[in-house]
Amino acid sequence: TVKKIAEEAMTDKPSFVYVTYIASTADNVWKALTDAQATAEYWGHSNVSDWQPGSTWEHRRIDGSNIADVVGTVVESNPPSRLVTTWADPNGEQGVDISRVSFDIEAFGAIVRLTVKHTDLADESARMEVAGGWSAVLSNLKSYLETGNTLPVAPWEMASAPVFSAISIRRLAMSGRAIEVPSR
């Protein structure tokens, strides 16, 4: 709704939005986001919950340790169109640096538009970090759903190129400082 968009825009905290189009069904995208075995296939972690509003969820490693690298609460769950969760560091200070992720799934003929919004990020550094993570995970998700296979190499293992937002570039330009971009 317009009200929801306006409220999200009023926050001072950075956010990240990623939109992708997938040749799949809304039900299959929902399952891929909420099924622990499916997330283990393309995300390298199992997302574990009963996905009911108010329930907890965990982003658990699949290396046998079962360590949760992210924990949170299911805020909204409307299969197969919308899922909203909070994200927090399980070892972090209680109630500090809690962000929110929404997954909006919209079917259109034989495709789905998946919009992922990660809001209430701590700072620009956190936004840059999640930007690289979401791009890798969602690329792998798209491949998994469209071909039945993940990408041949986990994309998050690829050395990341420097990511600069338009704001960062404008600030650097106004400061007159030069930036050095490492060569590959």
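Structure first, text after, so check above.
What counts, and at which threshold
Within any chain, residue numbers begin from 1 and follow the written order of that chain's sequence. Only residues with pLDDT of 70 or above have their local features reported here, since the model is predicted, and side-chain atom pairs are shown and tallied only from 80 upward, although totals for entire chains, interfaces and linings are computed over all residues. The side-chain quantities take in all heavy atoms of the structure and omit both hydrogens and water. Only buried residues count toward a nonpolar core. Its members are Ala, Val, Leu, Ile, Met, Phe, Trp, Tyr and Cys residues joined through side-chain atoms within 4.5 Å. Relative accessibility thresholds used throughout: buried, under 20% of the residue-type maximum; exposed, over 50%; partly exposed, between the two (1.4 Å probe, protein chains only). A run of H or I in DSSP counts as a helix once it spans at least four residues, and a run of E counts as a strand once it spans at least two, with each numbered from the N terminus. Contacts between residues were defined by any pair of non-hydrogen atoms, one from each residue, lying within 4.5 Å. Surface patches are drawn from residues lacking salt bridges whose relative accessible area is over 30%; two like charges belong together within 9 Å, two nonpolar side chains (Val, Leu, Ile, Met, Phe, Trp, Tyr) within 5 Å. Here the accessible surface of atoms and residues is derived via Shrake-Rupley with a 1.4 Å probe, and residues count as covered only by protein chains that are part of the display. Within this document, salt bridges are pairs made up of a side-chain nitrogen of Lys or Arg and a carboxyl oxygen of Asp or Glu, the two lying within 4 Å of each other. The convention is simple: Lys and Arg are positive, Asp and Glu are negative, and His and the chain ends are not counted. In plain terms, the charge of a residue is placed at NZ if it is Lys, CZ if Arg, CG if Asp and CD if Glu. Here the aromatic set is Phe, Tyr and Trp, taking the six-membered ring for Trp, and pairing holds for ring centres within 6.5 Å; pairs whose planes are under 30 degrees apart are stacked, those over 60 apart are edge-to-face, and all others are tilted.

Sorry if this is basic, but what is going on with the nonpolar core here?
In terms of nonpolar packing, the biggest core is built from 30 residues, with Val29, Leu33, Phe103, Ile105, Leu114, Trp134 and Leu141 touching the most fellow members. Looking at this core element by element, the count peaks at eight residues for helix 4 (residues 124-147). Residues within four places of Phe103 in sequence aside, it is in contact with Leu33, Ser81, Arg82, Leu83, Leu114, Thr115, Val116 and Trp134.

I tried to follow a negative patch on the surface on my own but got confused; where do I start?
On the surface, Asp89, Glu93, Asp97 and Asp123 cluster together to form a negatively charged patch. Within the secondary structure, Asp97 sits in the loop between strand 5 (82-87) and strand 6 (99-108).

Honestly, the packing of aromatic side chains in this entry has me stumped. Any pointers?
Within this structure, the stated rule accounts for nine aromatic pairs. A ring pair is formed by Trp57 and Trp87, whose centres lie 5.2 Å apart and whose planes are at 55°; its orientation type is tilted. One end of the pair, Trp57, is in strand 3 (residues 56-61); the other, Trp87, is in strand 5, with 30 residues separating them in the sequence. For Trp87, a relative accessible area of 12% translates into the label buried. Through a chain of ring-to-ring contacts, three or more aromatic side chains come together here, namely Tyr42, Trp43, Trp51, Trp57, Trp87, Phe103, Trp134 and Tyr144.

Don't take any of this as a statement about function, it's just geometry.
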